[in-house]
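The primary structure of each chain is shown beneath.
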Amino acid sequence: MTAESGLVVVDKSAGMTSHDVVARVRKLAGTRKVGHAGTLDPMATGVLVLGINRATRLLGHLMLTEKSYDATVRLGVATTTDDAEGEVTVSASAAGIDEPTIRAAFAEFVGDIEQVPTAVSAIKVDGKRAYQRVRDGEDVELAARPVTIHALEVHDVRRDGEHVDADISVRCSSGTYIRAIARDAGAMLQVGGHLTALRRTAVGPYDLSWARTLETLGETFDLVPIADAARATFPGRDLDETQAADVRVGRALDVDLDALTAVFAPDGEFLALYEPRDGVARATAVFV
């Protein structure tokens, strides 16, 4: 049986690509129309939001939301990939760096910053993914991009010989690379740094309490209906029958909206996303 339209929130296990997860969910859902909001590296675990059928069109809007992560940064070693899967490029003793200095270094990243993405990212350079250029032996230099780190908390600092491991939590804008924070913190402290563990704990309103492993989904396919997903993700506006009829054909609405808003028919059916534009509410995406 083919699943209806909605979101599936997966707790991805380590070792799988995001594409692997999509392939598994396609089989479970009985449809090819499956996409995901925001790639997770194979080494990373945690929240991966997938859209099924019509809900795939919600994903581009979900990707604009903030995300949260738990991570472990190892100071004293830098790698080609800014994580534990790369080759070591720098090795220096971090034993002499005290904890207040480490905490102060991470605090420097909070706020609106310019971040150079990791070279092994999926960003395209002249039509080719950056990570593929790195694998092909090319030197890749990416331009800095504006990102926002809303909060960064250092939970624990542990010493392992010449290395220091820092457990951190980050709440940030979409497009932020946690590996780049590890790299830049290590560079700031002049000892190198890379990521040894990464777990995404939330994408927008979807945290780990929503997430199910693929094994659990194989037993019970837990779908968040598209109307529920829209209400959880965006401000909502309930319309009357006349307004709903206008929305079905994409007409502008004479209503006051403050932001991108999910609009609903009187019976609760999710109709569209509307946004304030030119003094009225105009359709961004219609789902009926």
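Predicted model, so just to flag it, every value in this text is computed and none were measured.

The rules behind each value
- Residues numbered from 1 in each chain as written.
- Predicted model: local features only at pLDDT ≥ 70, side-chain atom pairs only at ≥ 80, totals over all residues.
- Heavy atoms only, no water.
- Buried < 20%, exposed > 50% of the residue type's maximum accessible area, 1.4 Å probe, protein only.
- Helix = DSSP H or I, 4+ residues; strand = E, 2+ residues; numbered from the N terminus.
- Contact = heavy atoms within 4.5 Å.
- Pairing = 2+ DSSP bridges.
- Polar contact = N/O pair within 3.5 Å; in protein donor to acceptor, adjacent residues only side chain to side chain.
- Core = buried A, V, L, I, M, F, W, Y, C linked by side-chain atoms within 4.5 Å.
- Axes fitted to C-alpha atoms, helices over the stretch in contact; angles between N-to-C directions.
- Salt bridge = Lys/Arg side-chain N within 4 Å of Asp/Glu carboxyl O.
- Phe/Tyr/Trp six-rings, centres within 6.5 Å; stacked < 30°, edge-to-face > 60°.
- Lys NZ or Arg CZ within 6 Å of the ring centre and 35° of its normal.

Enquirer: I'd like to hear about helix α5 (residues 178-188), residue by residue, with values.
Expert: Within α5, 8 of the 11 residues are buried, leaving the element largely enclosed by the surrounding structure. Taken as a whole, α5 has its buried residues at I178, R179, A180, I181, A182, R183, A185 and G186. Lining the buried residues of α5 we find β4 (67-75), α3 (99-107), β7 (111-115), β10 (145-160), β11 (163-172) and β12 (193-203). Count one or two residues on from α5 and you reach Q190, which has phi positive near 65°.

Enquirer: Break down the pairing of strand β18 (residues 280-286) for me, with residues and values.
Expert: The pairing of strand β17 (residues 270-277) with β18 spans 6 bridges and is classified as antiparallel. By the bridge assignment for β18, R277 is matched with V280. Here β17 folds back onto β18, and the loop between the two strands holds 2 residues, one of which, D278, carries a positive phi near 55°.

Enquirer: Tell me about helix α8 (residues 241-248), and name the residues and values.
Expert: By the N-cap criterion, in which a side-chain oxygen at the helix start approaches the backbone nitrogen of a residue two or three places on, α8 is capped by D240, the distance to T242 being 3.2 Å. Looking one or two residues beyond α8, the residue adopting positive phi is G250, at roughly 80°.

Enquirer: So what about the nonpolar core? Which residues, and what values?
Expert: Counting 45 residues, the largest nonpolar core has F106, L152, I168 and I178 as the members making the most contacts within it. If we skip the residues at most four places from it in the chain, F106 touches V73, L152, V154, A166, I168, I181 and A185. Counting 24 residues, the second-largest nonpolar core is a separate cluster that includes L7, A55, L58 and L59.

Enquirer: I'd like a rundown of the sheet that holds strand β16 (residues 261-264), residues and numbers included.
Expert: Taken together, the 4 strands give an open sheet; going across it, the order is β15-β16-β17-β18, and neighbouring strands pair in mixed fashion. Only two strands of the sheet have a single neighbouring strand rather than two, namely β15 (236-238) and β18. Averaged over all pairs of adjacent strands, the angle between their axes in this sheet comes to 40°, without regard to strand direction. The pairing of β15 with β16 spans 3 bridges and is classified as parallel.

Enquirer: I'd love a proper account of the pattern of salt bridges, names of residues and values included.
Expert: This structure, assessed with the given rule, holds 17 salt bridges. Here R171 makes a salt bridge to E66, at a shortest N to O gap of 3.1 Å. One end of the pair, R171, is in strand β11; the other, E66, is in the loop between α2 (59-62) and β4, and 105 residues separate them in sequence. Overall, the relative accessible area of 34% leaves R171 in the partly exposed class.

Enquirer: Account for the side chain of T81, naming residues and giving values.
Expert: You can see T81 is positioned in the loop between β5 (77-79) and β6 (88-91). Side-chain polar atoms of T81 contact the backbone nitrogen of G86, separated by 3.0 Å.

Enquirer: I'd like a rundown of the packing of aromatic side chains, residues and numbers included.
Expert: Under the criterion given, the structure shown has 3 aromatic pairs. Aromatic ring contacts, followed pair by pair, group F264, F270 and F287 into a single cluster. The cationic tip of R57 hangs over the ring face of F287; the distance from NZ or CZ to the ring centre is 4.7 Å. Sitting above the plane of the F264 ring, R231 keeps its charged end 3.7 Å from the centroid.

Enquirer: Before we move on, could you go through the pairing of β4 and cite the residues and values that matter?
Expert: Burial analysis of β4 places 8 of its 9 residues in the buried class, the great majority of the element. Of the strand pairs in this sheet, β4 and β11 are connected by 9 bridges, and their pairing is antiparallel. Within β11, the position partnered with A71 by the bridge is I168.

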